[in-house]
Each structure stands twice: as C-alpha cells, then as structure tokens.
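Structural overview
Chain by chain, the residues:
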Amino acid sequence: MTLLLRLLLLGVVFSSASHLAVPGAVGAELEPGGAWTAEPAVALVPDQTRTAALGEPSVDGDTATPQDADLWADAFLPTPGSPVPAATEPVQQAPVPVRSRASAPATSPQRVSTYQIQQNDHVLRFLEQFQTGYRRAVVERWLTRSGRYLPMALDVFRQKGLPEELVFTAMIESGFDPVAVSNSGSKGLWQFMAPTARQYGLRVDRWLDERLDPEKATVAAANYLSDLYKIFGSWDLVQAAYNAGEMKVLRAIQGTGTRDFWSLTGTRFLRDETKNFVPAIHAVTIIGQEPEQYGFTVSPDEPLSYEQITVPKATHLKHVASLSGIPLEELIRLNSELRLKQTPPDSTYHLKVPRGSAPALQAGLDRETEARKAAIANRTADRGKRKIQAAERVAAGVHIVQPRDTIGGIAKRYGVSVQQLARWNDLEHGARIFPGDRLRVAALARQADSEQGGFR
C-alpha cells in the first residue's frame, strides 16, 4: 500500500473521530527519507503483515545469527518488585535539554521538528535499570558497538532532516548489531521484517539480504520514520508505531481520544512491550549522549570505514581474499548482506573492502578479468580455426565442377591421371560432367567410394 493511499485511509479514520486534536505537524513536508522497522512493528498495514512475514519460508544460506536479542527483550521488562507508575492519569512530563554529538552541516535540510526527551517516571525507571545489574554490561556493550555505526547513522539522519536523537532507536532495536536476528525473523541494525524491507527498497532474496547492510538499512529506516511522522506528527507515537504497527496506535488514539503517547501508556490499547519501548529509547538516548555522567566508561569502536570496488558477478569472497590477502572474516563482516558469501550471479557488484586496499585489488581483478576474456577469445579463435582446417581437409579431396571445367583440366590441376579420376568417380569413357558435380580428386576411402558409386 503506498504512502498516499495510507494517508487517504487514515484521513477517513480521523474524520470519523473529529473530537481528536490533530497537531499541525501532521503532513509536514519532509525530505524523501527512510524508516526504521522494529522487530514487533514490521507492518505498514494491519497486523496480518507481521503474521505473513513470520510465515515466510526461510532461505538457505542465511549467515546471520541471533546475538543479544533475548537480553535486549529483558531490558524492556520492569525489574521484579520495582514500582510501576500509576496508569490512571498522564505522568508529568518535563523536556530534558539534549546535547547533540555533532552539529549538522550548513547544507542539511531543515529539521522536521525537535525531539523532546521526557524525564518522567517511565523514563527514569529505565534509566535506573540500565545502570544496574547485568543490564549495565549490556548497555556498555551497546555503547561500545555504537561507535562503529553512529557517525554513519547521524549523517544519514542529518541529510534527511530528521532529529539526530532518533538514531538511538537502533540501540533498543538491535544494540547497534548489524547482523542481529530476532526469534520472529526481523534482522539487522533496524530489525526490519522482510516485507517492510522490500517496501523500502532493500533487496531480500536468496543471494542478498540488505537488511544486514548497515548503511542501506539506515537509509530505509530513515525513510520509514519520515513516513510515520507524516501520519502521527509526534516522535513518541512514531516510535510506538514502529514497534506495534500503525493500525494498533491509530486504534489506541481513536479508542481513547488522546494523541499523547504517555497518556496511552495508562490504557489497555497498547501492549506492555510498546509501552516500555518508547521510554527505553528515551533512557538510552540520555545515557548515549553523555555516558560518563551515568558512570559508563566506554571506548567506542572505530567508525565504519571502507572502500568499494566493482567485481564480476558470482565472485566468491574466498577468491577475493586469496587474491588480495584481506582476511576472509573481514570481507564477510563488511559484506554481511551476501548470504552465500558470493556476489549475485545476475550482475556486477560493488563490494566493500578495507580502506586503502581498493586500488590494488581493483587493478588485480581487472587484470584477471582481461586475462579471462583473452582466454575465452583464444578458445573461440582456436575452435574456429579447427573448423576451418577440418573443412579444408574435407574439401581437399573434392572438386566442385565449375563452368568450362574438363576432366583433363581437373586431373592436371590436382596432379592425377584422367584414368584415376575416372576410376575414383565411376566415369565411363566419354562421360560428360556438369557444373556443380562433385568429383573426388584423391585416393581416399576407396571402399566407401565403390559402395557409393561416385559423388555425382
């Protein structure tokens, strides 16, 4: 279902609930941009999308494996015995000023709106949990890993005009693990399910699973988030819809008459998972922007850095590794979207390689390609030459009579006697020959000749 059609349908929903206050931000113009899909919130249509996605047949050769998915799910749940805020009325909300890691370049498009981090009981509960027990080690691992992908994600979001704080959605989705796989089949940095991934331009088939390509998945995620904001006009509702699906959030809005996410957490219309999802993101955003203030000592991984080369179709990573000396494990890590550890057989492919290795490797692959082409051309030429030689050998013993040819002239031309020519071709004395007749002019296959009775 296209975005335009969804917006029209949603207009019908809201027109039937005219008592709801619709913020003016809904429908604001955005740069074409992407979308993030959380594991529970795959669907851009009602709940059956998720069901259909779960029923997809698996594809052989999938190399991604579940990592910390269970630990991340645990992070959503309240610690046993911890107080849970009362759900009878909205909790007090107080925006927290947020410091960005880097200012957006002057060429960045204007932001859609700011992202308000709330400091309420819901968020403070997760902020405390993420600093205690085993969850502290989990969050520390997330923060360490985020150094590899956060600069890239921030750059994509700036280009799309999205609030930079949204990138921390990926911390709750996958812990910034680009090959994370959930039990329900969502994959990658942004935990896309296959149907939504394809809808946002990611290739998912036997050969490629671009959900596992961090950069492409981030662009798709930014586009999805932008589309959700056009529907809801609230980043809290966007993240809730990212988790639960649009229709569940829309039903909650219609059933309660409020468009305030924190008020919806006190109702029965959203699952506990979704109610916990948004405050958990707020909590890790607060920690992620100033981890040292919360006692985290983190040495972030080096930012993702690579170059690309063009390789022939069906190129095996093992072959590239042997040709270049690059460890096979490094090539697999940079190109985790290649399900069978080889490029697709339908076209050339832009392969990611460690920075600094591209020129020499590209030159080596080009030389190999040229050598392969030359070998094919030589084999083709040899086959043609052999065909010509075979034809010449056959033709060497046969003469096609031309106009004005005589038996004596033909015999003289091939250095044989008239008697030999007559005997080989069963020609009687005085026999006439005509243009187009085929005469044997060499003593070959005498037995076959006698059986066939000549060529004429």
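Residues numbered from 1 in each chain as written. Predicted model: local features only at pLDDT ≥ 70, side-chain atom pairs only at ≥ 80, totals over all residues. Heavy atoms only, no water.

Time to look at the nonpolar core. When a protein is soluble and globular, its nonpolar side chains tend to lie buried together. Core analysis: the largest hydrophobic core is formed by 66 residues, its most contacted members being Phe 130, Phe 157, Ile 172, Trp 190, Phe 232 and Val 249. Counting residues per element, this core draws most heavily on helix α5 (residues 133-160), which supplies 11 residues. Core analysis: the second largest hydrophobic core is formed by 15 residues, Val 320, Ala 321, Leu 338 and Val 353 among them. (Core = buried A, V, L, I, M, F, W, Y, C linked by side-chain atoms within 4.5 Å. Buried < 20%, exposed > 50% of the residue type's maximum accessible area, 1.4 Å probe, protein only. Helix = DSSP H or I, 4+ residues; strand = E, 2+ residues; numbered from the N terminus.)

Of note, Leu 334 is situated in helix α14 (residues 328-334). Here the alpha-carbon distance between Leu 334 and Pro 214, two residues 120 residues apart in the chain, equals 9.4 Å. For Leu 334, the residues in contact, after removing those within four places along its chain, are Arg 148, Leu 304, Tyr 306, Lys 352, Val 353 and Pro 354. (Contact = heavy atoms within 4.5 Å.)

A word on the pairing of strand β5 (residues 349-353). Burial analysis of β5 places four of its five residues in the buried class, the great majority of the element. Note: strand β4 (residues 307-311) against β5, five bridges, orientation antiparallel. Note on β5: the bridge partner recorded for Gln 308 is Lys 352. (Pairing = 2+ DSSP bridges.)

A word on the packing of helix α8 (residues 214-232) against helix α9 (residues 235-244). Following both chains from N to C, one finds α8 and α9 inclined at 120°, their axes separated by 9 Å at the closest point. Considering their axes alone, α8 and α9 lie oblique with respect to each other. For the pair α8 and α9, the sense of crossing is right-handed. Along its contact with α8, which presents Tyr 224, Leu 225, Leu 228, Tyr 229 and Phe 232, the element α9 presents Trp 235, Leu 237, Val 238, Ala 241 and Tyr 242. Of the residues contributing to the contact of α8 with α9, the split by class is 10 nonpolar, no polar and no charged. (Axes fitted to C-alpha atoms, helices over the stretch in contact; angles between N-to-C directions. Parallel < 35°, antiparallel > 145°, perpendicular 65-115°, else oblique. Left-handed = near helix turned anticlockwise from the far one by under 90°. Nonpolar A, V, L, I, M, F, W, Y, C, P; charged D, E, K, R; others polar.)

Purely geometric stuff here, so don't read any function into it on its own.
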